[in-house]
Amino acid sequence: MSNRLRRALVDAGGALVFPLIAILISFVLGALIVLATGNNPLTAYSALVRGAVGSPTAIGRTLLGATPLIFTGLAVAVAFRAGLFNIGGEGQLYIGAITAAWLGVTLGSLGALSIPLVLLACVVTGFLWGAIPGVLKARFGAHEVITTIMLNFIGINLATYLALKPLRTEGLVPGTDAIDFAARIPFVGLGLGRANYGFLLALVAAVVAYLLLWRTRRGFQIRAVGLSPGAANYAGMGIGTNTVLALAIGGAFAAIGGGVEVLGVYGKMTIPFVTNLGFNGIGVALLGRNHPAGVVLGALLFGGLASGAQEMQFSTDVPLQLTNVLLAVILLLVTATKLVELLLGKRARALAGARLEKGLG
Amino acid sequence: MDEIFGAPGQLLASTIRNATPLVFAALGGMFSERSGVVNIGLEGLMLISAFAGVVGAFLSGSAVVALGFALAAGLLFALIHALMCVTFEADQIISGTAINLLALGGTGFLMVSVFGSGGTSPRVEGFGEVPIPLLSSIPVVGPALFSQSVLVYLMYVMVPVTFFVLFRTPFGLRLRATGESPEAVDTAGVSVGRMRYYGVALSGLLASLGGIYLSMGLLSAFTEGMTNGRGFIALAALIFGRWNPIGAAGAALLFGFALAVTFRAPQEVIPNEFLQMIPYVLTIVALAAFGGRAIAPAAIGKPYRKE
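Thresholds applied
Residues numbered from 1 in each chain as written. Chains lettered and ligands numbered in written order. Predicted model: local features only at pLDDT ≥ 70, side-chain atom pairs only at ≥ 80, totals over all residues. Heavy atoms only, no water. UniProt positions renumbered as here; feature names shortened; annotations may be inferred. Helix = DSSP H or I, 4+ residues; strand = E, 2+ residues; numbered from the N terminus. Buried < 20%, exposed > 50% of the residue type's maximum accessible area, 1.4 Å probe, protein only. Contact = heavy atoms within 4.5 Å. Areas by Shrake-Rupley, 256 points an atom, 1.4 Å probe, with all protein chains shown as cover. Lys, Arg positive; Asp, Glu negative; His and termini not counted. Charge placed at Lys NZ, Arg CZ, Asp CG, Glu CD. Axes fitted to C-alpha atoms, helices over the stretch in contact; angles between N-to-C directions. Parallel < 35°, antiparallel > 145°, perpendicular 65-115°, else oblique. Left-handed = near helix turned anticlockwise from the far one by under 90°. Phe/Tyr/Trp six-rings, centres within 6.5 Å; stacked < 30°, edge-to-face > 60°. Lys NZ or Arg CZ within 6 Å of the ring centre and 35° of its normal. Buried area = accessible area lost by both parts, 1.4 Å probe. Salt bridge = Lys/Arg side-chain N within 4 Å of Asp/Glu carboxyl O. Polar contact = N/O pair within 3.5 Å; in protein donor to acceptor, adjacent residues only side chain to side chain. Nonpolar A, V, L, I, M, F, W, Y, C, P; charged D, E, K, R; others polar. Patch = residues over 30% accessible without salt bridge, like charges linked within 9 Å, V, L, I, M, F, W, Y side chains within 5 Å. Expected span 1.5 Å × (residues − 1). Bend = angle between axes of the 7 residues up to and from the residue.

Under an unreviewed UniProt entry, chain B has the name ABC transporter permease and belongs to Rubrobacter tropicus. UniProt, in its Subcellular location (unreviewed entry) section for chain B, records the words "Cell membrane".

Identification of chain A as ABC transporter permease from Rubrobacter tropicus is taken from an unreviewed UniProt entry. On record in UniProt, under Subcellular location (unreviewed entry), the comment for chain A is "Cell membrane".

Attention now goes to the overall build of chain B. From N to C terminus, chain B includes 13 helices and two strands. Dimensions of chain B, computed from C-alpha atoms along their principal axes, come out at roughly 65 × 45 × 40 Å. Counting all 307 residues of chain B, 57% fall into the buried class. Sequence-distant contacts in chain B: of pairs separated by 6 or more residues, those separated by 24 or more amount to 76%. For chain B, the accessible area works out to roughly 11,600 Å², and carbon and sulfur atoms hold 68% of it. Taking the average place of the 15 positive charges on the side chains of chain B and the average place of its 15 negative ones, the gap between the two points comes to 11 Å.

Attention now goes to the packing of helix H3 (residues 56-81) of chain A against helix H7 (residues 198-215) of chain A. Residues and elements named next belong to chain A. Interhelical geometry of H3 versus H7 gives an angle of 15° and a closest axis separation of 8 Å. What the angle tells us is that H3 and H7 run roughly parallel. The crossing of H3 and H7 is left-handed. Along the contact surface, H3 presents Leu63, Ala66, Thr67, Ile70, Phe71, Leu74, Val78 and Arg81, while H7 presents Gly198, Phe199, Leu201, Ala202, Ala205, Ala206, Ala209, Leu213 and Trp214.

Turning our eyes to something else, we now look at the packing of aromatic side chains. By the definition in use, this model includes 16 aromatic pairs over all chains. With centroids separated by 6.2 Å and ring planes inclined at 70°, the aromatic side chains of B:Phe146 and B:Tyr156 adopt a geometry described as edge-to-face. Here B:Tyr156 lies in helix H7 (residues 150-168) and B:Phe146 lies in helix H6 (residues 141-146), a separation of 10 residues in the sequence. Residue classification places B:Phe146 among the buried positions, given a relative accessible area of 18%. Judged by relative accessible area, B:Tyr156 falls into the partly exposed class, the value being 26%. Members of the aromatic cluster, joined through ring pairs, are B:Phe51, B:Phe58, B:Phe115 and B:Phe222. Above the plane of the ring of A:Phe140 lies A:Arg139, whose end atom (NZ or CZ) is 5.5 Å from the centre. Cation over ring: A:Arg184 sits above A:Phe181, and NZ or CZ is 4.0 Å from the ring centre.

A word on the interface of chain B and chain A. In this assembly, 44 residues from chain B lie in contact with 49 residues from chain A. Its largest share of buried area at the contact with chain A, chain B owes to B:Phe88, B:Ile94 and B:Phe109, together 17% of the area lost on that side. The tally of links between chain B and chain A comes to two salt bridges. At the junction of chain B with chain A, the criterion picks out four residue pairs in polar contact (both at pLDDT 80 or more). Broken down by secondary-structure element, the contributors of at least two residues to the side of chain B that touches chain A are helix H4 (63-87), helix H5 (92-115), helix H11 (230-240) and helix H13 (272-290) of chain B. With 15 residues, the single largest contributor to the side of chain B that touches chain A is H5(B). Here the residues of the side of chain B that touches chain A are counted per class, giving 26 nonpolar, 13 polar and five charged.

Residue and element names in this part refer to chain B. Taken together, Leu12, Leu135, Ile138, Val140 and Val141 make up a surface patch of nonpolar side chains, about 350 Å² in accessible area. When you line up the elements, Val141 lands in helix H6. For Val141, a relative accessible area of 34% puts it in the partly exposed group.

Let us now look at the side chain of A:Ser307. Its location among the elements puts A:Ser307 in helix H12 (residues 292-315). Ignoring any residue separated from it by four or fewer positions in sequence, one finds A:Ser307 in contact with A:Gly51, A:Ala52, A:Ala58, A:Arg61 and A:Thr62.

Residues and elements named next belong to chain B. By the secondary structure assignment, Leu42 is in helix H3 (residues 42-60). In this structure, the C-alpha to C-alpha distance between Leu42 and Ala177, residues 135 residues apart in sequence, is 22 Å. Residues in contact with Leu42, not counting those within four places in the same chain, are Ala25, Gly29, Asn100, Ala207, Gly231 and Leu235.

Bringing the environment of A:Lys137 into the picture now. Residues and elements named next belong to chain A. Note that Lys137 resides in helix H5 (residues 114-140). Along the primary structure Lys137 and Gly240 are separated by 103 residues, whereas in three dimensions their C-alpha atoms are 8.0 Å apart. At 2.7 Å, the side chain of Lys137 forms a polar contact with the side chain of Glu144.

The next subject is the UniProt feature "transmembrane region" (unreviewed entry) in chain B. The UniProt record annotates "transmembrane region" (unreviewed entry) at residues 40-59, 65-86, 98-120, 140-167, 197-223, 243-265 and 277-300 of chain B. Secondary structure over residues 98-120 of chain B splits into 78% helix and 0% strand, and the C-alpha atoms at its two ends are 23 Å apart.

What follows deals with helix H10 (residues 192-219) of chain B. Residues and elements named next belong to chain B. With 28 residues, H10 should cover 40 Å at 1.5 Å per step; its first-to-last C-alpha distance of 40 Å lies within 8% of that length. Along H10, the sharpest kink reaches roughly 35°, centred on Tyr213. Among the residues trailing H10, Ser220 stands out with phi positive, at a value near 65°.

All right, on to the environment of A:Ala142 then. Residue and element names in this part refer to chain A. Mapped onto the elements of the fold, Ala142 is located in the loop between H5 and helix H6 (144-164). Judged by relative accessible area, Ala142 falls into the buried class, the value being 0%. Placed 203 residues apart in sequence, Ala142 and Gly345 show a C-alpha to C-alpha distance of 39 Å.

As structure tokens, this is what we get:
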């Protein structure tokens, strides 16, 4: 084995230490909760796995659940590489969704040709929306954690207003008009149930994010600002510009996620709309160590849990919401550096933690 | 104007009712953040306490037991946050986000386990209004301010108490110092970790008062996700009030007024969705105007590791 390969494997192994411990502990806790509800954890967990990957339909459901999370996970990861915490995925996704719901209907007569146009519009609105906290930080020093949280509520309210007032249509569920079937993202078929080609788009987005961050000059600058703002500034890379760009690019990713949900899954924006995809994107990004490949894996895990939960609720009487508890516990533990040290000793923390702390600094 | 907003007294009363949970949570966030621990989990702390209070009332029929349940739940979740942030040196923002998701998922899970179905819990006996003699008979202001739940009166008291504790006691001095300069506190022989545990624990207890007021002061039942962003508005009030109890309470009142108007204004004038944005827009404006970073406790967000 070449030295380079060995180093890459050790690195990858190190990167997995935190997520694996978090997942393991959350499943042990989950088993205790299942026991407390008077069910057998083995039965519950085997139903969970069956519901996640046990059949083509189950796999399709997992892919369907993972798709928006890849987008919102990338939204967090790209910003994170610049040392910024984007909690605004939820609002950015809503902005993308309402853009797609509006333009999808307007351009629907173009058929499949409208799909790239609509998604491009999502990129633009998401980019502009994501740039707001970037400008507020670069120009006024307003902390992005607070502004992105606030912008979540503003974005959700704005999208809700548009869907309920100007764009509202007659129907049982309040919301916008349905988009023509020809202008929606088609189903994959292959027995995968309702899974659509949005998943492939998400994979493409992950590759784009990777190329952008590691193969372009701008990506190098963004990562440099994240690793050491002072040094990056000294080297003449504008911190302000890179801050704005990292958050704006993140916003664009989350917004495409919203667009894909509308074009691929719902065909319109209803109120209430899907919730927590932005927040779960944070967990996905952290599990994936803010690397696009990791984001895909994290999203598949989250998607699989959500899909498996339905089967678990069906065949035991463990409520569906258990998986939300599991996800929260995973998220809670995934950055707990001292916990890893306590469990595995200082060397494990040094191996696993070095890169994490740089990302979080 | 009266047709739009009701009698001035009603609008004032509604402002107070909407501001009360925000004031409690903001004061709680103050203790935590002054000790150097960001607490964006206020939303979750309120939610879990709102639920625990209703469970307590459901099981016992007693408001006192309900309050005990709420305080215990708020404290428990706050201690989880402290354990993660202080002992395990986890990222405070992530831990707070996780606390919010844990509360949302946990209450959803427990609704099914305890009450057999999700959505809304059975109605419980709430905290009734207790008019204060004499004060409540002042025209207009009296019924609005002094014919409220006991928790509202407690809120009036907690604002000066928090101010006094933070700025006039040795404990408050240490707590503030821990948020500003943990190294100095450590050198002085005070445990940074312990001060932060106190700060976060107090935030849990205060946020739980806000939570139980929502479920048992305003509604007399628990509804999934009923906090609906109020924890974040409280956080906004804290920032808007520049980490000062009086300022935060003032900001919470302003946001409470915005919420009161939201519930009353007719849709044709200003759509409800835009009114609901007001606290969030105000916060962003305030952050931009004040320059954000300069005001927060200096060591906020950073785990402290003794070298």
